[in-house]
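In case you want the letters, here they are:
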Amino acid sequence: MSSEIPQKIGIITVSEEKKLDTEGTRSSEDFGGTLGSRSEITTEIVGIQRTEIELEKLKAEMKGFIGAMREILDEADPPNSQMRLEEVELSVEVNGEGKVSLLGIGGKAGGKGAMTFKFKRKDG
């Protein structure tokens, strides 16, 4: 069995479209026979796509993201604090270009996939 590491990794992304639906309605609160309106935001999946991303590009994005999270978490849990941060779970999105984003912030429009990272404190 070969243990060769691939040069590219496939990412399956889902493209979503948000729509604002406004609909005229009547209710017991209407005065003088006027129509009220109701707005509803819906999300519709408009496409699923598999994209090949260079492994080196994804590794660099992940390395930068994890490094930033380590800095943030170290500052959130100073050594002389009365409380100790034991565990943090983050949802991370990877878009079709290989960009890694926390909660979708900073990513370009387009499809995206998700991963969950769980950071747990080492004993000691």
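Treat the numbers as computed from the prediction; the structure is a model and nothing was measured.

1. A word on the overall build of the chain
Link 1 in the chain: Along its length, the chain carries one helix and five strands.
Link 2 in the chain: Counted over contacts in the chain with a minimum sequence separation of 6, partners at least 24 positions apart contribute 64%.
Link 3 in the chain: When the accessible area of the chain is evaluated, it comes to approximately 10000 Å², of which 52% is carbon and sulfur surface.

2. Focus: helix α1 (residues 55-76)
Link 1 in the chain: Across its 22 residues, α1 extends 31 Å between first and last C-alpha, which sits within 8% of the 32 Å expected from 1.5 Å per residue.
Link 2 in the chain: All of the buried residues along α1 are Leu 55, Leu 58, Met 62, Phe 65 and Met 69. Buried residues along α1 cover an arc of 100° about the axis, so they all sit on one side. When the buried face of α1 is taken as reference, the exposed residues oriented beyond 90 degrees from it are Glu 56, Lys 63, Arg 70, Glu 71, Asp 74 and Glu 75.

3. Some points on the confidence of the model for the chain
Link 1 in the chain: Looking at the chain as a whole, its pLDDT mean stands at 75, while 73% of the residues score no less than 70.
Link 2 in the chain: Least confident of the elements in the chain is strand β5 (residues 112-120), whose mean pLDDT is 69; most confident is α1, at 89.
Link 3 in the chain: Of the regions scoring below 50 in pLDDT, residues 104-111 engages in twelve contacts with residues more than four places distant in sequence or in other chains.

4. Regarding the pattern of salt bridges
Proximity of charged atoms lets side chains of opposite charge pair with each other.
Link 1 in the chain: Taken as a whole and judged by the stated rule, the model has four salt bridges.
Link 2 in the chain: Its salt-bridge partner being Lys 8, residue Glu 54 comes within 3.8 Å of it at the nearest N-O pair. Of the two residues, Glu 54 sits in strand β2 (residues 36-54) while Lys 8 sits in strand β1 (residues 8-25), which places them 46 residues apart along the sequence.
Link 3 in the chain: Residue classification places Glu 54 among the partly exposed positions, given a relative accessible area of 42%.
Link 4 in the chain: Residue classification places Lys 8 among the partly exposed positions, given a relative accessible area of 42%.
Link 5 in the chain: The residue Glu 52 makes a salt bridge to Arg 50 at a minimum N-O spacing of 2.2 Å.

The rules behind the values
Residues numbered from 1 in each chain as written. Predicted model: local features only at pLDDT ≥ 70, side-chain atom pairs only at ≥ 80, totals over all residues. Heavy atoms only, no water. Helix = DSSP H or I, 4+ residues; strand = E, 2+ residues; numbered from the N terminus. Contact = heavy atoms within 4.5 Å. Areas by Shrake-Rupley, 256 points an atom, 1.4 Å probe, with all protein chains shown as cover. Expected span 1.5 Å × (residues − 1). Buried < 20%, exposed > 50% of the residue type's maximum accessible area, 1.4 Å probe, protein only. Arc of directions from axis to C-beta. pLDDT = per-residue confidence, 0-100. Salt bridge = Lys/Arg side-chain N within 4 Å of Asp/Glu carboxyl O.

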